[in-house]
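# Summary of the model geometry
What follows is each chain in one-letter form.
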Amino acid sequence: MALQPHAAAPPATGTPPGPVVLWTVLLATAGASTMAVLLASGNTELFQPRLRVALLAWTTLPFIGAGLIAWRRRPDSRFGPLLIAAGLVTPVSTLQWSDTAVLNTVGQLCDLLLPALWLHVFLAYPTGRVTGRARRVVVAAGYAVALLLQLVVLVLGGFDDRHLLAIAVRPDIAETVQNVQLLALMSLSLIGAVALWQRQRATGPVLRRPVALLVDAFGAGLVMVAALLAAGTFQLPGFEILRLVTFAVVGLAPPAFLLGLLDQRLARSGVGELVVRLNAGPPADLRDLIARALRDDSLTVVYWLPEYGDWADGHGRPATLPGAGAYRAVTVVEQRGEPLAALLHHPSLLEEPELVAAVSAAAAIALENDRLQVELRARLQDLHGSRSRLIDAAQDERRRLERDLHDGAQQRLIALSLELGLLEGTLNGDRETRERLGRARQEVAVSLRELRDIARGIHPAVVSGHGLAVALESVAGRTAMPLDLQMADVPRLPENIEVAAYYVVCESLANTAKHAGASAAAVDVRMAAGLLVVQVSDNGVGGADLARGTGLRGLADRVEALDGRLRVWTPVGGGTCVRAEFPGTPL
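Everything numeric in this text was worked out from a predicted model, so none of it was measured.

## Considering the overall build of the chain
In terms of regular secondary structure, the chain is built from 20 helices and 11 strands. Looking at the chain residue by residue over its 587 residues, the buried ones come to 44%. Taking contacts inside the chain between residues at least 6 apart in sequence as the whole, the part at least 24 apart equals 69%. As displayed, the chain has an accessible area near 29,000 Å², and 60% of this comes from carbon and sulfur atoms.

What follows is the structure, given as structure tokens:
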């Protein structure tokens, strides 16, 4: 058995960082952090310098440490390098405190790069790749605003004359550009927070709380960044305190990420429980067992049906796999090189391919058995659909025949009766001929009534035109035996349901008249719990059986084709009771 990630999970192509890369990152971290501490200690204008240095370390070292761990665990993911970049830019931005022109220029250029980097990191979790065109536009806009507009501000002189990029000293224009920059980054941060919320909502609930905690930390960090940028734009009081709080909140993301990694290791213990449950016998609900082992309550299992060349859900209905950029990740489980099933799960599980592989391997036999059941359900769905289509086609043909009889033979018989009446009126003296014409008119009238009965049996036009209630009242008026008709405010329903209910009543009453030897019958039609219930009973000899005769069997086929149920039984005391139930929504 093999597992292939689909759509949201690109193939693994990266290599873990070697010693050279590791030492380079560590030396860069040490150098940048030392420089930041020295600059902070020599800057008398900083608000709470010791606390500022502590928070700089809080947003530097955990990001870099978590990034190195993530890079080594998943070298094919960009998330680790992104975390390292976000951690390194923090001390680099403090170079703006330096009196050295080159260092000051670099620091000022990176001053607002941090919000753009944080936005990128938070939206790229867990694969390191930002999915979805809108989110990619947001990230690209964040970098453009942070770097390009900052460059414009510095070219216009900025607010610190120690850098090297001043060309035209226009502090008024520089201030306007910077306000636009801050407002734009604030808006993008809020958009990013909303995108995180939407993604979490779309992917469904996750049982592993650390994953949800991490996403919450991302969202809180973006909201705090937006608040800080707004305070800087409108020069609100308490800006420095808000800056410290923002750094403290953003620094929560790496610990939450590391907590999630620890939880991933603990989650693998659920595989043993899954194996024990599967060895105990076929599970009642395999999907729930897999979801519990993966600790992802949003999990969905779909199956590959080779006979149909398509995917189907557990009920045998057609299903489609989400494409690239979707909020759901997909892992395809293969057996002997052929797709067996697909797990639609939370994207965070892409960071745990070993866990997904272990769970899928343990459940492989059960998945194969479930696929056979799903294939059977799909065939039943096809059978049900074909039977419904056959009945609908037969109904359309009945409707056409009824219309042809009404518009053709019936009209000609009526015209013939009128012509005979006119001819009879012209024969004043020939009594024998008049009597023969009268008898001929009577025969035409009888033929017309019989033809109307045949047309009504082929298709009850009164049902289509006036509804089930009016149609059954006309049936009650034509029935020879006493009939008690009860209609409890039945609304108009889809025509195929009303026609089927009409046939149930007519066929049952016809059987009663022919075979039951009954002296009375009753028809009760009502809506109950979303079902149209039609019950026909009589006081005859009983003994009707669905297995015998084609009339009741045909009714059962018609009812079942509409997802209904037909029952026939003999109540205590004799007689026959026919009960049909149709699921139907009033029009």
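Once the structure has been displayed, the description carries forward.
## With respect to the sheet that holds strand S11 (residues 576-583)
The pairing of strands in a sheet comes from backbone hydrogen bonds and takes either a parallel or an antiparallel form. Ordered in space as S7-S8-S9-S11-S10, the 5 strands form an open sheet in which the pairing is mixed. Pairing within the sheet leaves two strands with one partner each, and these edge strands are strand S7 (483-487) and strand S10 (565-569). Averaged over all adjacent pairs, the angle separating strand axes in this sheet is 10 degrees, with direction ignored. In the sheet, strand S9 (residues 531-538) pairs with S11 via 8 bridges, with the strands oriented antiparallel. Paired with Ser-537 across the two strands is Cys-577, which belongs to S11. The sheet strands contacting helix H18 (residues 468-478) are S7, strand S8 (521-528) and S9, and the helix crosses S7 at an angle near 170 degrees. Relative to S9, helix H19 (residues 495-516) is tilted by about 10 degrees, and along the sheet it contacts S7, S8, S9 and S11.

## With respect to the confidence of the model for the chain
Averaged over all residues, the pLDDT of the chain is 81; the fraction at 70 or higher stands at 84%. Averaged pLDDT values over the elements of the chain bottom out at 53 in strand S1 (residues 2-6) and peak at 93 in helix H7 (residues 133-155). Note that residues 7-12 has pLDDT below 50 and, in this model, 12 contacts with residues that lie over four places away or in other chains.

## Some words on the side chain of Gln-108
As for its placement among the helices and strands, Gln-108 is situated in helix H5 (residues 101-109). By relative accessible area, Gln-108 is classed as buried at 9%. Ignoring sequence-local partners within four residues, the contact set of Gln-108 consists of Gln-96, Gln-150, Leu-154, Asp-160 and His-163.

## Regarding the pattern of salt bridges
As enumerated under the stated definition, the model contains 11 salt bridges in all. Arg-579 is paired through a salt bridge with Glu-581; the nearest N and O atoms lie 3.0 Å apart. For Glu-581, a relative accessible area of 14% corresponds to the buried category. Each of Asp-99, Asp-160 and Arg-162 takes part in a single network of salt bridges with overlapping partners.

Cut-offs applied
- Residues numbered from 1 in each chain as written.
- Predicted model: local features only at pLDDT ≥ 70, side-chain atom pairs only at ≥ 80, totals over all residues.
- Heavy atoms only, no water.
- Helix = DSSP H or I, 4+ residues; strand = E, 2+ residues; numbered from the N terminus.
- Buried < 20%, exposed > 50% of the residue type's maximum accessible area, 1.4 Å probe, protein only.
- Contact = heavy atoms within 4.5 Å.
- Areas by Shrake-Rupley, 256 points an atom, 1.4 Å probe, with all protein chains shown as cover.
- Pairing = 2+ DSSP bridges.
- Axes fitted to C-alpha atoms, helices over the stretch in contact; angles between N-to-C directions.
- pLDDT = per-residue confidence, 0-100.
- Salt bridge = Lys/Arg side-chain N within 4 Å of Asp/Glu carboxyl O.

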